[in-house]
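Residue-level structure breakdown
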Amino acid sequence: MANPPSKPQILLPDDLILEIFARADVNTIGRSRTLCSYWNWELGIEEFVFKHLHAAKKRPASIYVHFGVKGRRSLGSWVFRFNVDTGENERLHIPFLRNSQGQFEVIGTDNGCMAIRYSCISHPSNLIVWNPNTDQVTRIPDPMQHHCCICASTYAFLYFPDSVGYVWINIYKKKILDSQSWLTSYSSVTGHWDSNFPCPPYVQGVDSRYVVNHGIVYWLNWNNHAQTSPQCIVHFSIFTNQFGFILIPVEARAMIQRLLICEGCLYYAAVHAKSDSYRWLIWKIEEGNQGYSWELSSQFRGHGSAESPEYLTHDYLITVKDTSQPTRGTQFTITKLDTKNQQRRTLKVLEFPLSTYIKSLNLNFNTIVPV
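Residues numbered from 1 in each chain as written. Predicted model: local features only at pLDDT ≥ 70, side-chain atom pairs only at ≥ 80, totals over all residues. Heavy atoms only, no water.

Looking up the protein chain in an unreviewed UniProt entry gives the name F-box protein At3g57580-like, with the organism given as Arachis duranensis.

What follows is the structure, encoded as structure tokens:
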């Protein structure tokens, strides 16, 4: 490891200055690293990256929404970033060239970074990890290039806890008619796809709306395609390479559902919708000696079409609702709901002239984590 550059004369203690920088936004960190070689070094070491990451997770998060235009491919899709506290938004510039024959999907987000899979004429399948705050990009070989190109293949992305190392998970089938699924994983530590082993019979793929908590991936699972609501929650640990599942009680099952993470705990949101009203039930799931317990945490009733819960804290819930009118194109409303007094505030109303839909929606923080 190289020696750090010489330190300039500073009147304040180092610990105090680094604590101030840890509370600064990403743009301030980027500008400060250009001051001299010492600050470029000090603000880029792993210890400070973790300090800034922990501070960022205490600030309001951002929601990354991938919109798509029905009937179009890559050129008809884009990604917006929303601040869940202020409603401020910006369109992100995806770091690769696209053409009318290509397409891309956001696999997931974690620690401020985004995992994307894209394809075009000259590149049939590519995986990248991108930090939109620092514009760092790392490209990763896609194992799908060596599998059956028309077979089901799903992905998940997560960081090791308290680490700058990350993992890609790929669940795929070797042949299109196979009932057996297989899992392979990529680690940024080793730089290649390591494991390759069969999945349990109840695992056929990763649901695109999976959540991550302490190195474990959770997703909703349908055991039978005829089911209208998921029967269990599948989980996979990147530490033990083992699967497990949590049965969903009958009273908690619904046609609209979402897994949420709040301060290190797993929650399950069920939305029961009728023609002119709906009701949310948010359950807290905890593991104990006797298995998993389900505790009803909060509930809410509303009128009109149902909203989709997307981000949960102890104080509020962020929801997304399709409020489109038949003659006015497409409209989405992002709302902030106070879970204590049931008051709501509209953060943003998005209107598009074309027939638009949400391809994916992910929660993230603004960090300087390298990729």
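Moving on, there is more to tell.
**Some thoughts on the overall build of the protein chain**
Each helix and strand in the protein chain was counted, giving 4 helices and 24 strands. In the protein chain, which comprises 371 residues, the share counted as buried stands at 50%. Long-range contacts, defined as pairs at least 24 residues apart, comprise 48% of the intrachain contacts of the protein chain with a sequence gap of at least 6. Element-wise, carbon and sulfur atoms account for 50% of the exposed surface of the protein chain, whose accessible area totals about 19100 Å². (Helix = DSSP H or I, 4+ residues; strand = E, 2+ residues; numbered from the N terminus. Buried < 20%, exposed > 50% of the residue type's maximum accessible area, 1.4 Å probe, protein only. Contact = heavy atoms within 4.5 Å. Areas by Shrake-Rupley, 256 points an atom, 1.4 Å probe, with all protein chains shown as cover.)

**As for the nonpolar core**
With 49 residues, the main nonpolar core has Phe 157, Trp 168, Ile 169, Ile 171, Trp 219 and Phe 243 as its most contacted residues. Listed in part, the 20 residues of the second largest apolar core include Ala 61, Ile 318, Phe 332 and Ile 334. (Core = buried A, V, L, I, M, F, W, Y, C linked by side-chain atoms within 4.5 Å.)

**Some thoughts on the packing of aromatic side chains**
Inspection of the entire model under this criterion finds 22 aromatic pairs. Here Tyr 155 and Trp 168 contribute two aromatic rings whose centre-to-centre distance is 6.3 Å and whose plane-to-plane angle is 85 degrees, an arrangement assigned as edge-to-face. Placement of Tyr 155 in strand 8 (residues 153–159) and of Trp 168 in strand 9 (residues 166–172) is noted, with a sequence separation of 13 residues between them. The buried category is assigned to Tyr 155, whose relative accessible area is 5%. Taking relative accessible area as the criterion, Trp 168 reaches 0% and is therefore assigned buried. Note on Tyr 186 and Trp 193: the rings are 5.6 Å apart at their centroids and 55 degrees apart in plane angle, and the pair reads as tilted. Overall, the relative accessible area of 8% leaves Tyr 186 in the buried class. Residue Trp 193 is classed as buried on the basis of its relative accessible area, which comes to 19%. Within the aromatic cluster, the residues linked to one another by ring pairs are Phe 67, Trp 78, Phe 80, Phe 82 and Phe 332. Lys 174 extends its terminal NZ or CZ atom over the ring of Trp 182, reaching a point 3.7 Å from the ring centre. For Lys 336, the ring lying beneath its charged end belongs to Tyr 316, and the centroid distance is 4.2 Å. (Phe/Tyr/Trp six-rings, centres within 6.5 Å; stacked < 30°, edge-to-face > 60°. Lys NZ or Arg CZ within 6 Å of the ring centre and 35° of its normal.)

**Quick look at the confidence of the model for the protein chain**
Per-residue confidence for the protein chain averages 84 on the pLDDT scale, and 89% of its residues sit at or above 70. Considering each helix and strand of the protein chain separately, the mean pLDDT is smallest for strand 24 (residues 356–364), with a value of 82, and largest for strand 14 (residues 232–237), with 95. (pLDDT = per-residue confidence, 0-100.)

**Quick word on unusual backbone geometry**
Residues other than glycine seldom take positive phi values, yet Asp 135 does so here, at roughly 65 degrees. When you line up the elements, Asp 135 lands in the loop between strand 6 (126–131) and strand 7 (136–140). Of the residues examined, Asp 135 reaches a relative accessible area of 57% and is grouped as exposed. One non-glycine residue with positive phi stands out, namely Asn 241, at about 55 degrees. Counting through the fold element by element, Asn 241 comes out in the loop between strand 14 and strand 15 (242–247).

**Let's talk about the sheet that holds strand 12 (residues 211–213)**
Read from one edge to the other, the open sheet built from 4 strands follows the order 12-13-14-15, with strand pairing classed as antiparallel. Only two strands of the sheet have a single neighbouring strand rather than two, namely strand 12 and strand 15. Sheet twist, expressed as the average angle between the axes of neighbouring strands with direction ignored, equals 25 degrees. Pairing analysis gives 6 bridges linking strand 13 (residues 216–221) to strand 14, with the strands arranged antiparallel. By the bridge assignment, Trp 219 is partnered in strand 14 with Val 234. (Pairing = 2+ DSSP bridges. Axes fitted to C-alpha atoms, helices over the stretch in contact; angles between N-to-C directions.)

**Overview of a nonpolar patch on the surface**
A contiguous nonpolar patch, built from Leu 12, Leu 16 and Ile 20 and spanning about 270 Å² of accessible area, is present on the exposed surface. Here Ile 20 is to be found in helix 1 (residues 14–22). (Patch = residues over 30% accessible without salt bridge, like charges linked within 9 Å, V, L, I, M, F, W, Y side chains within 5 Å. Salt bridge = Lys/Arg side-chain N within 4 Å of Asp/Glu carboxyl O.)

**Quick notes on the environment of Lys 336**
Inspection of the secondary structure assignment puts Lys 336 in strand 22 (residues 330–338). For Lys 336 and Tyr 316, which are 20 residues apart along the polypeptide, the C-alpha to C-alpha distance reads 6.6 Å. Ignoring anything within four residues of it in the chain, the contact list for Lys 336 reads Val 84, Asp 85, Tyr 316, Leu 317, Ile 318, Gln 343, Arg 344, Arg 345 and Leu 347.

**Examining the pairing of strand 16 (residues 256–262)**
Within strand 16, 5 of the 7 residues are buried, which leaves the element mostly enclosed by the surrounding structure. Pairing analysis gives 7 bridges linking strand 16 to strand 17 (residues 265–273), with the strands arranged antiparallel. By the bridge assignment for strand 17, Arg 258 is matched with Ala 269. The turn linking strand 16 back onto strand 17 is made up of 2 residues, and Glu 263 within it adopts a positive phi angle of 50 degrees.

**Digging into the environment of Cys 113**
With respect to the secondary-structure elements, Cys 113 resides in strand 5 (residues 113–119). Along the chain, Cys 113 and Thr 367 lie 254 residues apart, while their C-alpha atoms are 7.9 Å from each other. Excluding residues within four positions of it along the chain, Cys 113 makes contact with Gly 108, Val 129, Trp 130, Asn 131, Phe 157, Tyr 159, Asn 364, Val 369 and Val 371.

**Topic: the pattern of salt bridges**
Considering all chains together, one arrives at 9 salt bridges under this definition. Here Glu 19 makes a salt bridge to Arg 23, at a shortest N to O gap of 3.5 Å. You can call Glu 19 partly exposed: its relative accessible area is 32%. The shortest N-O distance in the salt bridge between Asp 142 and Arg 117 comes to 3.3 Å. Remark: Arg 117 occurs in strand 5 and Asp 142 occurs in the loop between strand 7 and strand 8; sequence separation between them is 25 residues. The same class applies to Asp 142 as to Arg 117, namely buried. Through salt bridges with shared partners, a single ionic network connects Glu 19, Arg 23 and Lys 51.

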